[in-house]
Amino acid sequence: MIDTFDLTVHRTAASRLHEVDFNNIQFGNIYSDHIFDADYFDGDWRDFRIVPYGPLHISPANMTLHYGHSVFEGMKAHKNENDEVLLFRPLENFKRLNKSAERLCLQQISQDL
């Protein structure tokens, strides 16, 4: 399993949290200030990081652009009254991600990771 110390966090300079109406949150219209990012090469996932939300920088040679093979799976997280981070159904999220990857013959992520 990856130690949380192996995760780099780059906080956004301009949070949009104050713009959120927590009494009227519509699915697909509110986005986090941050995203999780990692690299996969030489058979290994590495360089785990949380970075500010923004455009994704990808190579024009990316196979997704040419062949349409990609998997995206988002996970909901929030803090409780004790300031603890809670994840919404992370094991189901993990299973959906790997099921989609398997269907598309893409690299799966180990449960230990």
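Residues numbered from 1 in each chain as written. Predicted model: local features only at pLDDT ≥ 70, side-chain atom pairs only at ≥ 80, totals over all residues. Heavy atoms only, no water.

(A) Layout of the side chain of Asn80. Along the chain, Asn80 falls in the loop between strand E4 (77–79) and strand E5 (85–87). Here Asn80 falls in the buried class, since its relative accessible area comes to 17%. A distance of 2.8 Å separates the side chain of Asn80 from the side chain of Glu84, its partner in a polar contact. (Helix = DSSP H or I, 4+ residues; strand = E, 2+ residues; numbered from the N terminus. Buried < 20%, exposed > 50% of the residue type's maximum accessible area, 1.4 Å probe, protein only. Polar contact = N/O pair within 3.5 Å; in protein donor to acceptor, adjacent residues only side chain to side chain.)

(B) Representation of the pairing of strand E3 (residues 44–52) within the structure. When strand E1 (residues 8–9) meets E3, the two strands line up parallel, connected through two bridges. Counterpart to Val9 in the pairing with E3 is Ile50. Here seven bridges tie strand E2 (residues 34–41) to E3, and the two strands are oriented antiparallel to one another. When the bridges of E3 are listed, Phe41 appears paired with Asp44. In this structure, the hairpin formed by E2 and E3 is closed by a connection of two residues, where Asp42 is found at a positive phi of approximately 55°. (Pairing = 2+ DSSP bridges.)

(C) Just the packing of aromatic side chains, in detail. Going through the model one piece at a time under the given rule, you end up with three aromatic pairs. Ring plane angle 20° and centroid distance 6.3 Å describe the contact between Phe36 and Phe48, whose orientation is recorded as stacked. Of this pair, Phe36 sits in strand E2 while Phe48 sits in strand E3, and the two are 12 residues apart along the sequence. Residue Phe36 is classed as exposed on the basis of its relative accessible area, which comes to 53%. On the basis of an interplanar angle of 55° and a centroid distance of 4.9 Å, the ring pair of Tyr40 and Trp45 is categorised as tilted. When its relative accessible area of 24% is taken as the criterion, Trp45 is described as partly exposed. (Phe/Tyr/Trp six-rings, centres within 6.5 Å; stacked < 30°, edge-to-face > 60°.)

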